[in-house]
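Listed below, chain by chain, are the residues.
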Amino acid sequence: GLVVHLGQPAEGGDDGLMLRDAVHDYFAGRAVATRKGLRQLFRIGRISLLIGFAFMAVMMLVGELAYSLFSRAAYATLIKESLIISGWVALWRPAEILLYDRWPLIRERELFQWLATAPVIVRAGVTDVRPA
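A brief look at the structure comes next. Bear in mind the structure is a predicted one, so any value in this text is a computation, not a measurement. (Residues numbered from 1 in each chain as written. Predicted model: local features only at pLDDT ≥ 70, side-chain atom pairs only at ≥ 80, totals over all residues. Heavy atoms only, no water.)

A closer look at the nonpolar core
Most often, soluble globular proteins have nonpolar side chains that are buried together.
Step number 1: The biggest cluster of nonpolar side chains holds seven residues, and these are Val23, Phe27, Ala31, Phe112, Leu115, Ala116 and Val120.
Step number 2: Listing elements by their share of this core, those giving two or more residues are α1 (15–69) and α2 (74–117).
Step number 3: Setting aside chain neighbours within four positions, we find Leu115 in contact with Val23, His24 and Phe27. (Core = buried A, V, L, I, M, F, W, Y, C linked by side-chain atoms within 4.5 Å. Buried < 20%, exposed > 50% of the residue type's maximum accessible area, 1.4 Å probe, protein only. Helix = DSSP H or I, 4+ residues; strand = E, 2+ residues; numbered from the N terminus. Contact = heavy atoms within 4.5 Å.)

Focus on the packing of aromatic side chains
Step number 1: Applying the stated criterion across every chain, the model contains three aromatic pairs.
Step number 2: For the ring pair Phe27 and Phe112, a centre distance of 5.9 Å and an interplane angle of 25° mean the geometry is stacked. In this pair, Phe27 sits in helix α1 while Phe112 sits in helix α2, placing the two residues 85 residues apart along the sequence.
Step number 3: A residue is classified by how much of its surface remains accessible, and Phe27, at 16% relative accessible area, is buried. (Phe/Tyr/Trp six-rings, centres within 6.5 Å; stacked < 30°, edge-to-face > 60°.)

Regarding the side chain of His24
Step number 1: Relative to the elements of secondary structure, His24 occurs in helix α1.
Step number 2: Once residues lying within four places of it in the same chain are set aside, the contact partners of His24 are Leu115, Ala116, Thr117, Ala118 and Val120.

What about the pattern of salt bridges?
Step number 1: Using the criterion set out here, one finds four salt bridges in the structure.
Step number 2: Arg20 is the salt-bridge partner of Asp21, the closest N and O atoms lying 3.1 Å from each other.
Step number 3: In this structure Asp21 comes out as partly exposed when scored by relative accessible area, which is 36%.
Step number 4: We classify Arg20 as partly exposed; its relative accessible area is 33%.
Step number 5: Residue Glu64 is joined to Lys80 by a salt bridge in which the shortest nitrogen-to-oxygen separation is 2.8 Å. Here Glu64 is found in helix α1, whereas its partner Lys80 is found in helix α2, with 16 residues between them in sequence.
Step number 6: Owing to a relative accessible area of 41%, Glu64 belongs among the partly exposed residues under this scheme.
Step number 7: Shared partners join several salt bridges into a network, and the residues in it are Arg93, Glu96 and Asp101. (Salt bridge = Lys/Arg side-chain N within 4 Å of Asp/Glu carboxyl O.)

This is the structure in structure tokens:
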């Protein structure tokens, strides 16, 4: 759980309930925001992937056209392969988004979800707090 040390107890005595509710509400909101960010990242990844595939197809077609136009000369192969490589480069970021960028956000969302339900313990009147 989450342990909060207070120097002095409040007069009303409901520190624990108020603090627990505030912590749970805050981290529930952060979990929702992270979930929305994850959905937005996936949307951007899917759109970028479609654009990348379209660009790759165009580069392959232009490469084939250049290859046949220059009568299969040595530099035609260079042009064709360069265009194909540029198509692969265009697919790099969408693949990175969909394969790798999501994991830190997923872990962050899970942490916020756990903190939104974690027990909150309030210790009032503690003046000397040392890490265990």
